[in-house]
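Okay, here's what each chain looks like letter by letter:
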Amino acid sequence: MKKLKVAITGGIGAGKSLVSNFIEREGFPVLFSDEIAKGIMQSDVDVIRLIKKEFGEESYINEKLNTKYLAEKVFNNEDNVDKINAIVHPIVVEKINEITESLFKSNNLVFVEIPLLFESELENLFDYIILVYSNENLRIARTSERSKLSEGEVRKRMMFQIPDEEKKDKVDFVIENNSSKDDLENRVKLVLILLKELSK
Ligand SMILES: CC(C)(COP(=O)(O)OP(=O)(O)OC[C@H]1O[C@@H](n2cnc3c(N)ncnc32)[C@H](O)[C@@H]1O)[C@@H](O)C(=O)NCCC(=O)NCCS
Ligand SMILES: Nc1ncnc2c1ncn2[C@@H]1O[C@H](COP(=O)(O)OP(=O)(O)OP(=O)(O)O)[C@@H](O)[C@H]1O
């Protein structure tokens, strides 16, 4: 039995969460790095202190992370993106490693949804990488439709992400998501058959 760590990556709005949720429903553990990052930013006293020092006390309102303010501050300035990444990413990696090791006690396959895998140069942490790939116009339409972020906000974040076309050459599986959710699920099923075989 081989223990395999598999990354699920892709640009903003590509469909990573749909893929991850499907994989979870099939019975496999999935870690979500955006959520792990938020947890750390909400509870780690050193991280909170550094964020307030770099970006101001307004970064938290009544002890709660002020995501709107911080996103505005961070995604308008490359230095700020570098600064927040340097504060948060090393601790996220530590946490992912810790949780993965404990999940490997009772699982052979552990998945990690990690949007900024290549941007943070973390590809060597993983045995296999899945890229969820959708055309840029679809990603913007789908993300704006979800109404969490405006088109402008999505485009700003894209500026700090490596284009998915470049990532295609560096991954083991490309799951296209330019058609229906059913098509997406069927493609994920095929990849899971392969990964289960590889972990035997
Ligand atoms: C600025 C913050 C508070 C905004 O929070 P918000 O709830 O609006 O977004 P969320 O964290 O859910 O991220 C949504 C998407 O935005 C993009 N994004 C987030 N952080 C970054 C970044 N540093 N660089 C490029 N894109 C990013 C990713 O595609 C991500 O999936 C938050 O994104 C953040 O703290 N980012 C820096 C830490 C980080 O890199 N977290 C992501 C995973 S480790
Ligand atoms: N094939 C599809 N057909 C219809 N809607 C889709 C499809 N793929 C994704 N969506 C929708 O697009 C939005 C973005 O998808 P999802 O949240 O899975 O992407 P993500 O890569 O996790 O995004 P983010 O980077 O913002 O976390 C969601 O509202 C989702 O339901």
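Within each chain, residues carry numbers counting from 1 in the order of the written sequence. The naming scheme follows written order: chains are lettered A onward, ligands numbered 1 onward. The predicted nature of this model means local features are confined to residues of pLDDT at least 70 and side-chain atom pairs, given and counted, to a pLDDT of 80 or more, with totals for whole chains, interfaces and linings taken over all residues. With hydrogens and water excluded, all non-hydrogen atoms of the structure serve as input to the side-chain values.

Chemist: Requested: an account of the nonpolar core, with residues and values cited.
Modeler: Here, nonpolar core refers to any group of buried Ala, Val, Leu, Ile, Met, Phe, Trp, Tyr and Cys residues whose side-chain atoms link them within 4.5 Å. Each residue is placed in one exposure class: buried if its accessible area under a 1.4 Å probe, protein chains only, is under 20% of its type's maximum, exposed if it is over 50%, and partly exposed if it falls in between. Within the largest apolar cluster, 31 residues are counted, with the highest numbers of intra-cluster contacts made by M41, I51, L70, I114 and L117. Only heavy atoms enter the contact rule, under which two residues are in contact if any of them lie within 4.5 Å. Setting aside its immediate chain neighbours within four residues, L70 contacts M41, I51, F55, S59, L65 and I84.

Chemist: Explain the site of ligand 2 to me, using residue names and the numbers behind them.
Modeler: Think of it this way: one heavy atom of a residue within 4 Å of a molecule or strand is enough to make that residue near it. Every one of the 14 residues lining ligand 2 counts as a neighbour, but K16, S17, R146, N177 and S179 are closest to it. One of the backbone nitrogen or oxygen atoms of L18 is found 3.0 Å away from an oxygen atom of ligand 2. Protein contacts shield 80% of the accessible area of ligand 2, which totals 630 Å² for the unbound molecule. Here a strand is any run of E in DSSP of at least two residues, a helix any run of H or I of at least four, and the numbering for each starts at the N terminus. The leading source of residues in the shell around ligand 2 is helix α1 (residues 16-25), at three residues. In the shell around ligand 2, the residues fall into three nonpolar, seven polar and four charged. Any N or O atom pair separated by 3.5 Å or less is treated as a polar contact, with the protein-specific requirement of one donor-capable and one acceptor-capable atom, and with residues adjacent in sequence counted only for side-chain atom pairs. In short, Shrake-Rupley with a 1.4 Å probe defines the accessible areas, and a residue's cover is counted only from the protein chains shown. In this classification, the charged set is Asp, Glu, Lys and Arg, the nonpolar set is Ala, Val, Leu, Ile, Met, Phe, Trp, Tyr, Cys and Pro, and all remaining amino acids, among them Gly, are polar.

Chemist: Lay out the site of ligand 1 with the relevant residues and their values.
Modeler: Taken together, 17 residues sit near ligand 1, with D34, K38, N85, H89 and Q161 positioned nearest. In the model, an oxygen atom of ligand 1 is placed 2.7 Å from a nitrogen or oxygen of the H89 side chain. If you list the elements that add at least two residues to the shell around ligand 1, you get α2 (33-43), α4 (67-74) and α5 (78-103). The biggest single contributor to the shell around ligand 1 is α2, with four residues.

Chemist: Could you give an account of the UniProt feature "binding site: ATP" (unreviewed entry) in the protein, naming the residues involved and the relevant values?
Modeler: UniProt positions are given in the numbering used here, feature names are shortened, and annotations may be inferred rather than shown by experiment. The UniProt feature table records "binding site: ATP" (unreviewed entry) at G13, A14, G15, K16, S17 and L18. Looking at the secondary structure, you find K16 in helix α1. A residue is classified by how much of its surface remains accessible, and K16, at 8% relative accessible area, is buried. K16 has contacts with I8, T9, G10, G11, E113, P115 and V132, leaving out every residue within four places of it along the chain. Side-chain polar atoms of K16 contact the backbone oxygen of G10, separated by 3.2 Å.

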